[in-house]
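# A structural walkthrough
Chain by chain, the residues:
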Amino acid sequence: MDTIEGTSATAHAVLADLPVVDLDPFAEDVLADPYSVDHRLREAGALFQLSRYGILGTARHAEVAAILADWQAFGSSRGVGLQDFLKEPPWRAPSLLLETDPPVHSQMRRLMNGVVSLPALKAVLPRWTARAEALVDALAAKRRFDGMEELAEVYPLDVFPDTIGIARDGREHLLPYAAAVFNAYGPKNAVWESTEVGLPDAVEWVNQACRRENLGPDGWGMQVYAAADRGECTEDEAHRLVRSFLSAGIDTTVSGIGTLLLALASHPDQWARLRAEPDLQKRAFDESLRWDSTAQVFCRTAMHDCTLGPVAIPQGTKILLFLGAANRDPRRWDNPDRFDVSRSSSGHVGFGFGIHQCLGQMVARQEAGLVLKAMLQRFATIRLAGAPERRLNNSLHPLARLPLEVTPA
Ligand code: OVV
């Protein structure tokens, strides 16, 4: 891309000069298979107009990473979905992590980094390991099972809410709540509306579950309130930070573990390599996220008039970042469509990049890593026993069904 340092603003391309992409990235066939259009999006240009939504988009790794790195120019506090919070009120109080900019973001992030810490992960490791082993033992005995309904949707719900200290009753609201949260980053289409059924009850349950008096004494949730007691945030902020655990920590890991299972079951050579070369195991989950990113899209908003390469971007412009397409950009990766556990996927943007990079990434890696380890110890082979089915979401790429068959090791 040409450098524009020192040129006057009038020398910049204006938005109307950018290539126009008229496909709908939130159409149901695209949500089911975003990789059917990722080439078109990347080749349209470094930056393009998404005419359906009157916003910009980019699907190339370099531009996605550059925008995520520049939080001063491309902020989050006007919302990270299509909706501009300055023009339309959001459906729920903004996340204090996802939907804020510094200095508020830095303060909240520091507090949460203290809770979601390496020692905290180590403390839960024995219990999380035992739960993964028990679950995978039962599946090894069955030989045929649904990877979503019997594993990916079970394990995170088994370990994570207990770790936060969430009440047992009503946990069936967690997945529908999170699905609605992630749908709300896209347009108000039929997919969004499908998760509005029952949402008021789920919202009410989540709001209750995040209250101090409803949290277990030893969980990460109560530690957020302990930070409030130390004056690091207010009681209301603590409530909203605990809500972030439930918004961002469930459907993401369910979808991510599902994608890992799909990647492994559809690449028997990669399964064999992981069994033969255990050193590769720690890379498998990140490579599966690069190959098929759980979080497919997020927006940023220009916080002031700024430039991206040769383009002048007016304040208030929304830019949709195609994380999944960037993770398969051939400018960045060799053979990008290939799931290859021996490649270094570092630099993938499946967990985002920059100051907002996923707070829970170590949690996700620990959950997925324990499931993978338990499976590699018990399954000689794993294969698809039927066609996988997608569950459509405006910003995630989850599976609904994943029929699997395994042979014991
Ligand atoms: C990364 C993410 C996704 C959805 C919700 C939140 C965060 C939150 O902080 O509520």
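The rules behind these values
- Residues numbered from 1 in each chain as written.
- Predicted model: local features only at pLDDT ≥ 70, side-chain atom pairs only at ≥ 80, totals over all residues.
- Heavy atoms only, no water.
- pLDDT = per-residue confidence, 0-100.
- Contact = heavy atoms within 4.5 Å.
- Core = buried A, V, L, I, M, F, W, Y, C linked by side-chain atoms within 4.5 Å.
- Buried < 20%, exposed > 50% of the residue type's maximum accessible area, 1.4 Å probe, protein only.
- Helix = DSSP H or I, 4+ residues; strand = E, 2+ residues; numbered from the N terminus.
- Salt bridge = Lys/Arg side-chain N within 4 Å of Asp/Glu carboxyl O.
- Near = heavy atom within 4 Å.
- Polar contact = N/O pair within 3.5 Å; in protein donor to acceptor, adjacent residues only side chain to side chain.
- Areas by Shrake-Rupley, 256 points an atom, 1.4 Å probe, with all protein chains shown as cover.
- Phe/Tyr/Trp six-rings, centres within 6.5 Å; stacked < 30°, edge-to-face > 60°.
- Lys NZ or Arg CZ within 6 Å of the ring centre and 35° of its normal.

## Points about the confidence of the model for the protein chain
Of the residues in the protein chain, 98% have a pLDDT of 70 or more, and the chain-wide mean is 96. Low pLDDT, under 50, characterises residues 1-9; the predicted model gives this stretch 12 contacts beyond four residues in sequence or across chains.

## So, the nonpolar core
Counting 106 residues, the largest nonpolar core has Trp 220, Phe 245, Ile 313 and Met 375 as its most contacted members. Setting aside its immediate chain neighbours within four residues, Met 375 contacts Val 136, Leu 151, Leu 261, Leu 264, Trp 271 and Ile 382. Phe 48, Val 191, Leu 320 and Phe 322 belong to the second largest nonpolar core, which has 18 residues in total.

## What to know about the environment of Gly 186
Summarising the element assignment, Gly 186 is placed in the loop between α8 (174-183) and α9 (190-194). Of the residues examined, Gly 186 reaches a relative accessible area of 5% and is grouped as buried. Other than its neighbours up to four places away in sequence, Gly 186 contacts Phe 26, Leu 82, Trp 192 and Asn 394.

## Some thoughts on the pattern of salt bridges
One side chain can pair with another of opposite charge once the charged atoms of both are near each other. With the rule as written, the count across this model stands at 26 salt bridges. Here Asp 137 makes a salt bridge to Arg 378, at a shortest N to O gap of 2.6 Å. One end of the pair, Asp 137, is in helix α5 (residues 118-142); the other, Arg 378, is in helix α17 (residues 361-378), with 241 residues separating them in the sequence. A salt bridge links Arg 171 to Asp 162; the nearest nitrogen and oxygen atoms lie 2.7 Å apart. For Arg 171, a relative accessible area of 12% gives the class buried. Connected through shared salt-bridge partners, Glu 43, Asp 329 and Arg 331 make up one network.

## Quick word on the site of the ligand
Contacts to the ligand come from Arg 92, Ser 95, Leu 98, Val 181, Phe 182, Tyr 185, Ser 244, Ser 247 and Ala 248. Contact distances for the ligand include 2.6 Å between an oxygen atom and a side-chain N or O atom of Ser 95. Within the side chain of Ser 244, an N or O atom sits 2.5 Å from an oxygen atom of the ligand. Relative to its free-state accessible area of 290 Å², the ligand is covered by the protein chains to the extent of 86%. Taken together, the elements giving at least two residues each to the shell around the ligand come down to α8 and α12 (235-248). In terms of residues, the shell around the ligand owes the most to one element, α12, which gives three residues.

## Topic: the packing of aromatic side chains
Across all of its chains, the model carries 10 aromatic pairs by this definition. Ring plane angle 75° and centroid distance 6.3 Å describe the contact between Phe 160 and Phe 245, whose orientation is recorded as edge-to-face. Of this pair, Phe 160 sits in helix α7 (residues 155-164) while Phe 245 sits in helix α12; the two residues are 85 residues apart in sequence, bridging distant segments of the chain. In terms of burial, Phe 160 and Phe 245 fall into one category: buried. Of the aromatic side chains, those joined through ring pairs into one cluster are Phe 160, Trp 220 and Phe 245. Positioned above the aromatic ring of Trp 333 is the side chain of Arg 290, whose terminal nitrogen or guanidinium carbon lies 5.4 Å from the ring centre.

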